[in-house]
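For reference, the chains in residue letters:
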Amino acid sequence: MKVFILLPVYNDVKSLNKLIENILLLYEKQHDLELNFLVVNDGSSSNINELLNKNINLTIINLKSNQGNQKAVYAGLSYLNDNNFEFDFLIIMDSDGEDNPKDISNLLYEAKESNEKIIFASRSERSEGFIFKIFYFFFKIIFKILTGKKIDFGNYSCIPKNIIKSIITLPMIEIHYPSAIIKSKFQYKTIPFDKGKRYDGKSSMNMTNFILHAMKSLAVFNEQILTRIFIFSFVSILISFFSI
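Quick look at the structure, then.

Reading guide: rules and limits
- Residues numbered from 1 in each chain as written.
- Predicted model: local features only at pLDDT ≥ 70, side-chain atom pairs only at ≥ 80, totals over all residues.
- Heavy atoms only, no water.
- Buried < 20%, exposed > 50% of the residue type's maximum accessible area, 1.4 Å probe, protein only.
- Helix = DSSP H or I, 4+ residues; strand = E, 2+ residues; numbered from the N terminus.
- Pairing = 2+ DSSP bridges.
- Right-handed = clockwise from strand over helix to strand, strands pointing away.
- Contact = heavy atoms within 4.5 Å.
- Patch = residues over 30% accessible without salt bridge, like charges linked within 9 Å, V, L, I, M, F, W, Y side chains within 5 Å.
- Areas by Shrake-Rupley, 256 points an atom, 1.4 Å probe, with all protein chains shown as cover.
- Salt bridge = Lys/Arg side-chain N within 4 Å of Asp/Glu carboxyl O.

1. Observations regarding the pairing of strand β2 (residues 34-41)
And then number 1: Taking burial as the measure, the eight residues of β2 include seven buried ones, the bulk of the element.
And then number 2: Pairing of strand β1 (residues 2-9) with β2, which is carried by eight bridges, proceeds in the parallel orientation. Bridge pairing links V9 to N41 in β2.
And then number 3: Once you follow β1 into helix α1 (residues 13-27) and on to β2, the crossover reads as right-handed.

2. Overview of the environment of L80
And then number 1: With respect to the secondary-structure elements, L80 resides in helix α3 (residues 69-82).
And then number 2: Sequence separation between L80 and L6 is 74 residues; the distance between their C-alpha atoms is 9.5 Å.
And then number 3: Excluding residues that lie within four positions of it along the chain, L80 makes contacts with F4, L38, F85, F87 and L90.

3. Here's the deal with a nonpolar patch on the surface
And then number 1: Together, F130, I131, I134, F135, F137, F138, I141, I142 and I145 line one region of the surface with nonpolar side chains, adding up to about 900 Å² of accessible area.
And then number 2: Its place among the elements puts I145 in helix α5 (residues 130-147).

4. Topic: the side chain of E110
And then number 1: Mapped onto the fold, E110 is located in helix α4 (residues 104-114).
And then number 2: On the accessibility criterion, E110 (18% relative accessible area) is buried.
And then number 3: If sequence neighbours within four positions are ignored, E110 has contacts with I119, K189 and I191.

Right, here's the structure in full:
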C-alpha cells in the first residue's frame, strides 16, 4: 500500500523533522506500507530545503509567500492531482506534532474498511489551555446554530486517492478544508483521538488566528448562514408585529 503524507509547514522545520522521524520509526518495519512525504513550504523565512532530511521519499513544493495553512493544504492536494502520482491513500496532518503519528495506522485501517469515505481524526481531548477550550466549545455551538452542521475535527485525515480530483473542485476548499467537506456530499467518518503536544516552540494559533480560522470555516456556509439569519429575522418581525 502506497501512502502520501501531506505536511504544510511554516518555519517550524525542527518539529517537522521530528514528526517525519517519528513516523518512520513507527512504520518503517511495515514492509507492505510505502511512505512518501509531500511537504508544502508555506513561504517560510528560512530555506527548509536545506534543513530537511533528504534520505527519504520526500517532495517539497515552495509557495512564494505565506498563504496560510488551508491554502497550503489545497496546494498539496492540487499538486498530487496535477502530477498524477500513484498512491492508494493520502494522509493530511499538521507538522507540529499535535497530530499524533501513532494514529495514522487507525486512519488507514478505517479508510480501507469504509470504502471511499474520508476519515477524520476528531478531538476527544485537547491539549490547549482552559481559555482556548472555552472559546472552542462556544465556536462549535455557534457553528452548529448557524450551519446546522457539527464540526469537531481539523486537517488530520485520510483520503482515498480516487476522490482527490473531485475534492479539489469543491467550492471554497482552499479557504477551509474541513468545512468544505462537511458542506459537500462526500461521505466521511470521524474517529476520536487525543490531541498531541507540539514538539518545539509555541503554537501560532493565538486567539486572533483562532477567530480568523473560525470565520473562514463559517464563510464556506455563507449562503446557508444568510438564509438562516433572514428567516430568523423575518420570523422575529412577524412575532413582534402580531404581539402588538
